[in-house]
Amino acid sequence: VKTAHSKGIWVMLDMVVNHMGGSINDINNFVPFNDGSHYHDCNGCISDCNIHNFNDAAETEHCRLAGLPDLNQDNEYVSSKLIEVYTKLVEDSGVDGIRMDTVPEVNPSYWKTFKSQAAPNMYIIGEVFNGDSNYIDAHGSELDGLLSYPMYYTIRNVFQQKQDMSQISSRLKEYYQVFGQDRTMKLGTFVDNHDNARFLSQNSDQKLFTSAVVLSMMIDGIPIVYYGTAQMFSGGNDPQNREIFWNTQFDNSTELYKKIKALNAVRKEDVFDLGSPATELSVQSSFYAFSRGKVLVALTNVGEGGDTQTYTLNQHPFSSGDIVCNVFSGTSDCITVTDQGVAVVLQDGESKVFVPKSALMH
């Protein structure tokens, strides 16, 4: 962690308080949780004691996730010991944030206690593996942020399956109704992660994948880029999606690596307003454009070899006469904003991100 900090990198700790590893038969070795009373029993669970209906809160909180020994946070010793252990871990390690695993599987009241005592001044993003915005809000309202699983499914629908791009607009509207602006901005937006088959394992079109990544990095929320994304990893279900990374020699020469680097640079510029929500400029079945600050993002889901998308956006964040450039091409792809608007042309399934030319000079 100290080395990461010396290089300007903040570190998040992946944490779990819901369960232990192994099986219930191993708990004698699980110090300090080595007594049967530290775990939920199987009362109210079906014969295998596992969770089968995640819409049943009692079953989800009381029964086991895939056979893993389920800690009982209603037990005062378990509750206080978890807080004690993780408070010390956070203090000793110097980490900057927490990614909390298996949030719905724990009684929601415990999250308020844990947050206030173990990490009161630290950002905690919770995993609620569900595509229903109301569901994840109900289970994770006591945490600072949540993994943006509903938008993840929308991204997969729109880019992987090439469904109507208006789904993005519908999802954003839903987010603001359910979460409000402040909490929407704290959701963690992603395309791939360690729990799901990678995008490219189900659709090998790299233009579609790139567009999905661009959206995830520029739309409302906090972008999360899974390792191997820039190198176009394409592993299937776990464990195939947890490929060995160092075999790539940490390749930073790929086109997507360069695009991610360019987007990170834009996000640090004054022209990109981190606190402002996206302003939709055009919502079409195969074209979607929005702006944040003085950054205009134009995307399509036609994919490689798809039809050219040509739109003049009369709503935009620029002034007539401004010269704006696509950050992926530097000054070789610039246009002048006219009284009619911004003329956007996307060829061969590409995505573009326009900023004032002056911003590229920094």
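To keep things clear, this report deals only with the structure shown in the data block. Here the structure is a predicted model, which means the values were calculated and not measured.

### Describing the overall build of the protein chain
Counting secondary structure elements, the protein chain contains twelve helices and 14 strands. Its C-alpha atoms give the protein chain a radius of gyration of 23 Å, near enough to 21 Å, the size a compact globule of 362 residues would have. By its C-alpha atoms, the protein chain is 70 × 45 × 45 Å across when sized along the principal axes. For the protein chain, with 362 residues in total, the buried portion stands at 49%. Roughly 16600 Å² of accessible area belongs to the protein chain as shown, and the carbon and sulfur atoms make up 47% of that amount. In the protein chain, 26 side chains carry a positive charge and 44 a negative one; their mean positions are 8 Å apart.

### Looking at the side chain of Thr102
If you trace the backbone, Thr102 turns up in the loop between β2 (97–100) and α4 (108–118). Once residues lying within four places of it in the same chain are set aside, the contact partners of Thr102 are Val16, Asn18, His19, Leu65, Trp111 and Glu127.

### Considerations on the state of the cysteines
What the rule picks out here adds up to three disulfides. The disulfide partner of Cys325 is Cys334, and the gap between their sulfur atoms is 1.9 Å. Across the S-S bond of Cys325 and Cys334 the torsion is about 100°, and the bridge reads as right-handed. When its relative accessible area of 0% is taken as the criterion, Cys325 is described as buried. Cys334 sits in the partly exposed class, given a relative accessible area of 27%.

### Regarding the sheet that holds strand β7 (residues 279–283)
Read across the open sheet, the six strands follow the order β7-β8-β9-β14-β11-β12; overall the sheet is antiparallel. This sheet does not close on itself; its edge strands, each paired only once, are β7 and β12 (334–336). For this sheet, the mean inter-axis angle between neighbouring strands, taken without regard to orientation, is 20°. Lying on the sheet, helix α7 (residues 166–178) is in contact with β7 and β8 (287–292); it crosses β7 at an angle near 150°.

### So, α4
Structural remark: α-helix, 3.6 residues per turn; residues separated by three or four positions point the same way. Looking only at α4, the buried set comprises Tyr110, Trp111, Phe114, Lys115 and Ala118. The buried side chains of α4 occupy one side of the element, clustering within an arc of 130° when seen end-on. Looking at the buried residues of α4, the elements they touch are β1 (12–15), α3 (76–93), β2, β3 (123–126) and α5 (133–140).

### Structural notes on a nonpolar patch on the surface
A surface patch of nonpolar side chains, about 380 Å² in accessible area, is lined by Ile244, Trp246 and Phe250. Structurally, Trp246 is set in the loop between β6 (222–224) and α11 (255–268).

### Here's the deal with the nonpolar core
Core analysis: the largest hydrophobic core is formed by 72 residues, its most contacted members being Phe114, Phe159 and Met218. In terms of residue count, the dominant contributor to this core is helix α10 (residues 206–218) (eight residues). Those residues within four positions of Phe114 in sequence are excluded, and the remaining contacts are Met15, Val17, Leu82, Ile83, Tyr86, Met100, Ala119 and Ile124. Judged by nonpolar contacts, the second largest core, of 13 residues, contains Phe287, Ala289, Ala298 and Val337.

### Let's talk about the packing of aromatic side chains
With the rule as written, the count across this model stands at 20 aromatic pairs. On the basis of an interplanar angle of 70° and a centroid distance of 5.0 Å, the ring pair of Tyr152 and Tyr153 is categorised as edge-to-face. Overall, Tyr152 belongs to the buried group, its relative accessible area being 4%. Here Tyr153 falls in the partly exposed class, since its relative accessible area comes to 32%. Ring geometry for Phe233 versus Phe245: centroids 6.1 Å apart, planes at 70°, classification edge-to-face. In this pair, Phe233 is assigned in the loop between β6 and α11 and Phe245 in the loop between β6 and α11, connecting sequence segments twelve residues apart. We note Lys259 situated over the ring of Phe328; from NZ or CZ to the ring centre the distance is 5.2 Å.

### With respect to the pairing of strand β11 (residues 323–326)
Alignment of β11 against β12, held across three bridges, turns out to be antiparallel. For Val324, the partnering residue across the bridge sits in β12 and is Ile335. In this structure, β11 lies alongside strand β14 (residues 352–356), joined through three bridges in antiparallel fashion. Across the sheet, Cys325 pairs through a bridge with Val355, a residue of β14.

### A short note on α7
Look at α7: 19 Å from first C-alpha to last across 13 residues, which is about the 18 Å you get at 1.5 Å a residue. Looking only at α7, the buried set comprises Ile168, Ser169, Arg171, Leu172, Tyr175 and Val178. Backbone geometry just downstream of α7 places Gly180 in the positive-phi region, at approximately 80°.

What counts and what doesn't
Residues numbered from 1 in each chain as written. Predicted model: local features only at pLDDT ≥ 70, side-chain atom pairs only at ≥ 80, totals over all residues. Heavy atoms only, no water. Helix = DSSP H or I, 4+ residues; strand = E, 2+ residues; numbered from the N terminus. Rg over C-alpha atoms; globule rule 2.2 N^0.38 Å. Buried < 20%, exposed > 50% of the residue type's maximum accessible area, 1.4 Å probe, protein only. Areas by Shrake-Rupley, 256 points an atom, 1.4 Å probe, with all protein chains shown as cover. Lys, Arg positive; Asp, Glu negative; His and termini not counted. Charge placed at Lys NZ, Arg CZ, Asp CG, Glu CD. Contact = heavy atoms within 4.5 Å. Disulfide = S-S within 2.5 Å. Pairing = 2+ DSSP bridges. Axes fitted to C-alpha atoms, helices over the stretch in contact; angles between N-to-C directions. Arc of directions from axis to C-beta. Patch = residues over 30% accessible without salt bridge, like charges linked within 9 Å, V, L, I, M, F, W, Y side chains within 5 Å. Salt bridge = Lys/Arg side-chain N within 4 Å of Asp/Glu carboxyl O. Core = buried A, V, L, I, M, F, W, Y, C linked by side-chain atoms within 4.5 Å. Phe/Tyr/Trp six-rings, centres within 6.5 Å; stacked < 30°, edge-to-face > 60°. Lys NZ or Arg CZ within 6 Å of the ring centre and 35° of its normal. Expected span 1.5 Å × (residues − 1).

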